[in-house]
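Now for the letters of each chain:
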Amino acid sequence: MVFVETAYTIVVPDRDLLSRLCGTNDSNLHLIEQHLGVPVFTEGNELSLGRADDQVVRQFQHIVDRIMDEAAAGFDVGPDLMASILQLRGDKLSPDDFRDGGIVIPGAVRKVYPRTGNQLRLVQAMRSCDLVFCTGPAGSGKTFLMMAEALRLVLSGKLRSLILTRPVVEAGESLGYLPGDLEQKINPYLRPLFDVMNVLLPPGSGKKLMEGGVVEVAPLAYMRGRTLSNSVILLDEAQNTTREQMKMFLTRMGEGSKVFVTGDITQIDLPRRTPSGLVHCLRILKGIPEIGMMAMECGDVVRNELVKKIVQAYEERKSEEELE
């Protein structure tokens, strides 16, 4: 292993950029130090790395280059960007991979960055395929990234509308007995999708998009007979579709549309002996190269470190039960 005997230094073009790179109270520098295990310090407009081996130096170069690229483009150098750069282990990615993996939504409050290799591959799949399936545990970012990309496509004018749908799986209370009109009845089932929209867009934007017909919510059962063209259609919780519902949904796809399907096949709420339409279609469609299929794993959970441990514990318990 080759060691750098003197501190490695990067000259930052100006003090303002260096200040943004360092973060509030040097918060970004502390994260970089923790990630590399080497002290990082500043002097004037220089950013220096303490004594380190050549691999750490390369990682340091890559991290700083990615931060400066995003800062120079006008994006916020905050926790989301730092988490993405550090968790993706950026030294294994080309600058183009990292830059193209971000999702810029016109009018949004922030840029969305993938935080794991699988999340980056999901973004790439959504850009290259018209039909994309993503399965995985809670908190792995599948719905968040799909909603972000769907909003990007619509608000940038590439597609006309965004249609959000979910299978209505009742738990002791019939949809017909819920108060209000159809939209009010279905809203509780689609609340998680609205939550993502409210995180990404300024306050009130989601409601305006729905009132203007740009965003439409529809129960899966009401999709029959429609042809959805020049739109992006997002089906959430697809593990709770039946085989018939899934076939009906997939055949609604019209000219110029994109379809994103997400679900967690470990959390199927269908009645016993009712096969999941998601599990079935993943099996029969896997040989079609134009269809993107991504499977998130426990390591992709970014919601909360404790959630990752919970998912891992359940996966380990499932493996033990299969061996018993």
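Residues numbered from 1 in each chain as written. Predicted model: local features only at pLDDT ≥ 70, side-chain atom pairs only at ≥ 80, totals over all residues. Heavy atoms only, no water.

J.: Mind showing me how you'd approach the layout of surface pockets here?
T.: Any space left empty among the atoms is revealed by the rolling of a water-sized probe across them. Quantified by volume, the second largest pocket comes out at close to 400 Å³. Along its surface, the second largest pocket is lined by 17 residues, and Pro137, Asp264, Thr266, Val311 and Glu315 are the ones closest to its centre. It is helix H12 (residues 305-323) that contributes the most residues to the lining of the second largest pocket, 6 residues altogether. Here the residues of the lining of the second largest pocket sort into 9 nonpolar, 4 polar and 4 charged. (1 Å grid on protein atoms, 1.4 Å probe; cavity = no way out; pocket = protein on both sides within 12 Å on 5 of 7 lines; lining within 4 Å. Points joined across faces, edges and corners; volume = space filled by probe spheres on them. Helix = DSSP H or I, 4+ residues; strand = E, 2+ residues; numbered from the N terminus. Nonpolar A, V, L, I, M, F, W, Y, C, P; charged D, E, K, R; others polar.)

J.: Honestly, the side chain of Arg166 in this entry has me stumped. Any pointers?
T.: Examined against the element boundaries, Arg166 turns out to sit in strand E7 (residues 161-166). A polar contact is formed between the side chain of Arg166 and the side chain of Asp236, at a distance of 3.2 Å. (Polar contact = N/O pair within 3.5 Å; in protein donor to acceptor, adjacent residues only side chain to side chain.)

J.: How should I be thinking about the side chain of Arg152 in this particular structure?
T.: Its place among the elements puts Arg152 in helix H7 (residues 142-155). Overall, the relative accessible area of 14% leaves Arg152 in the buried class. A polar side-chain atom of Arg152 sits 2.7 Å from a polar atom in the side chain of Glu149. Residues in contact with Arg152, not counting those within four places in the same chain, are Ile103, Val104, Ile105, Pro106, Arg127 and Lys158. (Buried < 20%, exposed > 50% of the residue type's maximum accessible area, 1.4 Å probe, protein only. Contact = heavy atoms within 4.5 Å.)

J.: Looking at this structure, how should I read the pairing of strand E8 (residues 215-219)?
T.: For E8, a buried count of 4 out of 5 residues is recorded, marking the element as mostly surrounded by other parts of the structure. When E7 meets E8, the two strands line up parallel, connected through 5 bridges. Bridge pairing links Leu162 to Val215 in E8. (Pairing = 2+ DSSP bridges.)

J.: Looking at this model, I keep getting lost on the sheet that holds strand E2 (residues 8-11). Mind explaining?
T.: As a general point, the strands of a sheet are linked pairwise by backbone hydrogen bonds and lie either parallel or antiparallel. The 3 strands are arranged E2-E4-E3 in an open sheet whose pairing can be described as antiparallel. For this open sheet the edge positions go to E2 and strand E3 (40-43), each flanked by a neighbour on one side alone. The average angle at which neighbouring strand axes cross in this sheet is 25°, direction not considered. Alignment of E2 against strand E4 (residues 46-49), held across 4 bridges, turns out to be antiparallel. When the sheet's bridge partners are listed, Ile10 is paired in E4 with Leu47. (Axes fitted to C-alpha atoms, helices over the stretch in contact; angles between N-to-C directions.)

J.: Would you mind showing me how to read the pairing of strand E6 (residues 131-135) here?
T.: Consecutive residues of a regular strand have side chains that alternate between opposite faces of the sheet. Counted residue by residue, E6 has 5 buried out of 5 residues, so it is predominantly covered. The alternating pattern of E6 places Leu131, Phe133 and Thr135 and Val132 and Cys134 on opposite faces, both of which are buried. Pairing geometry for E6 and strand E10 (residues 258-263), over 5 bridges, is parallel. What sits directly across from Phe133, in E10, is Val261.

J.: I'm lost on the packing of aromatic side chains in this one. Help?
T.: Both the distance between ring centres and the angle between the ring planes are used here to describe each pair of aromatic rings. Under the defined criterion, the tally for this structure stands at 1 aromatic pair. Seen from their ring centres, Tyr8 and Phe60 are 6.3 Å apart, and the 85° between their planes marks the pair as edge-to-face. A residue pair is termed long-range when its members are at least 10 positions apart, and Tyr8 in strand E2 and Phe60 in helix H3 (residues 54-72) qualify at 52 residues. Above the plane of the ring of Phe75 lies Lys111, whose end atom (NZ or CZ) is 4.3 Å from the centre. (Phe/Tyr/Trp six-rings, centres within 6.5 Å; stacked < 30°, edge-to-face > 60°. Lys NZ or Arg CZ within 6 Å of the ring centre and 35° of its normal.)

J.: Quick question: what am I supposed to make of the pattern of salt bridges here?
T.: Note that side chains of opposite charge can pair when their charged atoms are close. Inspection of the entire model under this criterion finds 12 salt bridges. Here Asp54 makes a salt bridge to Arg58, at a shortest N to O gap of 3.8 Å. With Asp54 and Arg58 both in helix H3 and 4 residues apart, this pair spans about one turn of that helix. Residues Arg115 and Asp80 are paired through a salt bridge, measuring 2.9 Å at the closest nitrogen-oxygen approach. One end of the pair, Arg115, is in the loop between helix H5 (95-101) and helix H6 (117-128); the other, Asp80, is in helix H4 (residues 79-87), with 35 residues separating them in the sequence. Members of the salt-bridge network, linked through shared partners, are Asp80, Arg110 and Arg115. (Salt bridge = Lys/Arg side-chain N within 4 Å of Asp/Glu carboxyl O.)

J.: What's the story with the sheet that holds E10 in this structure? I'm lost.
T.: The strand order E8-E7-E9-E10-E6-E11 describes an open sheet built from 6 strands, whose pairing is parallel. For this open sheet the edge positions go to E8 and strand E11 (291-295), each flanked by a neighbour on one side alone. The average angle at which neighbouring strand axes cross in this sheet is 15°, direction not considered. For E7 and strand E9 (residues 231-235), the ladder comprises 5 bridges, and the chain directions are parallel. When the bridges of E9 are listed, Leu164 appears paired with Leu234. Contacting E6, E7, E9 and E10, H7 crosses the sheet at an angle of about 165° to E10.

J.: Please clarify how the environment of Val12 should be interpreted in this entry.
T.: Along the chain, Val12 falls in the loop between E2 and helix H1 (15-22). Given the relative accessible area of 0%, Val12 is considered buried. Distance from Val12 to Met68, taken between C-alpha atoms, is 8.5 Å for residues 56 residues apart in sequence. When near neighbours in sequence (up to four residues on either side) are disregarded, Val12 contacts Leu17, Leu18, Asn45, Leu47 and Met68.

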